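# Coordinates in review
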Amino acid sequence: MFEKNLLLPYLLDIYGSLLSDRKRELLDYYYGEDYSLSEISELTGISRQGVRDSIKKSEAELLGFEDKLRLFEKRKDAESLIKEAKSLAEGNTALTAVLDALEEAAT
């Protein structure tokens, strides 16, 4: 069994629509539902090895998207900057409200 990369569920959320329905389904079973490769194999009718290969290829695609587009990294940076700005804006309710709205839009 191979180790699960904990970054992948976040990347699936961001880039999942760029994958085929089948790849997205397999990754959702694996990361979202925490099914084993054998369980996914039984559900889909794909061999266990086929499920593993598909998941590994899909993971590589998601990591490639992030390597090129860096949307997860940018989201993380934006959240950090918003948090810092909120601490600096303490007491300014109008600015805090704007930062809250920005934070909501960033997620």
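Residues numbered from 1 in each chain as written. Predicted model: local features only at pLDDT ≥ 70, side-chain atom pairs only at ≥ 80, totals over all residues. Heavy atoms only, no water.

Time to look at the overall build of the protein chain. For the protein chain, the count of helices and strands is six helices and zero strands. Scanning the protein chain from its N terminus toward the C terminus, one meets helices and strands in the order α-α-α-α-α-α. In summary, the protein chain has a C-alpha radius of gyration of 18 Å against a globular reference of 13 Å for 107 residues, an excess of more than 25%. Dimensions of the protein chain, computed from C-alpha atoms along their principal axes, come out at roughly 60 × 25 × 25 Å. Taken over 107 residues, the protein chain has a buried fraction of 25%. Within the protein chain, counting contacts between residues at least 6 apart in sequence, those at least 24 apart form 56% of the total. In the structure as shown, the protein chain presents an accessible area of about 7100 Å², 53% of it carried by carbon and sulfur atoms. In the protein chain, 15 side chains carry a positive charge and 22 a negative one; their mean positions are 6 Å apart. (Helix = DSSP H or I, 4+ residues; strand = E, 2+ residues; numbered from the N terminus. Rg over C-alpha atoms; globule rule 2.2 N^0.38 Å. Buried < 20%, exposed > 50% of the residue type's maximum accessible area, 1.4 Å probe, protein only. Contact = heavy atoms within 4.5 Å. Areas by Shrake-Rupley, 256 points an atom, 1.4 Å probe, with all protein chains shown as cover. Lys, Arg positive; Asp, Glu negative; His and termini not counted. Charge placed at Lys NZ, Arg CZ, Asp CG, Glu CD.)

Next up on the list: the pattern of salt bridges. Under the definition given, this model contains nine salt bridges. Here R22 ties to E25 by a salt bridge, and the two come within 2.8 Å at their closest N and O atoms. With a gap of three residues between them, R22 and E25 both fall in helix α2 (residues 21–32), about one helical turn apart. For R70, the salt bridge identified is with E73, shortest N-O distance 3.4 Å. Here the salt bridges do not stand alone but share partners, grouping D67, R70 and E73 into one network. (Salt bridge = Lys/Arg side-chain N within 4 Å of Asp/Glu carboxyl O.)

This part takes up the side chain of E66. Mapped onto the secondary structure, E66 falls in helix α4 (residues 48–69). Although E66 lies buried, it forms no salt bridge, and the closest oppositely charged side chain, R70, sits 5.0 Å away as judged by the N-O distance. Once you skip the residues sitting within four places of it in the chain, E66 turns out to touch L11, Y15, L71, F72 and E73.

Moving on, we get to the packing of aromatic side chains. Evaluated as defined, the whole model comprises four aromatic pairs. On the numbers, 5.5 Å between centres and 20 degrees between planes, the contact of Y29 with Y35 is stacked. With a relative accessible area of 27%, Y35 lands in the partly exposed category. Ring geometry for Y30 versus Y31: centroids 5.0 Å apart, planes at 90 degrees, classification edge-to-face. On the basis of relative accessibility, which here comes to 0%, the residue Y30 falls in the buried class. (Phe/Tyr/Trp six-rings, centres within 6.5 Å; stacked < 30°, edge-to-face > 60°.)

What follows covers the confidence of the model for the protein chain. Averaged over all residues, the pLDDT of the protein chain equals 93, while 97% of them reach at least 70. When pLDDT is averaged over each helix and strand of the protein chain, the minimum, 90, is found for helix α6 (residues 93–106) and the maximum, 98, for helix α3 (residues 37–44). (pLDDT = per-residue confidence, 0-100.)

For E25, a relative accessible area of 28% corresponds to the partly exposed category. Along the chain, E25 and G91 lie 66 residues apart, while their C-alpha atoms are 46 Å from each other.

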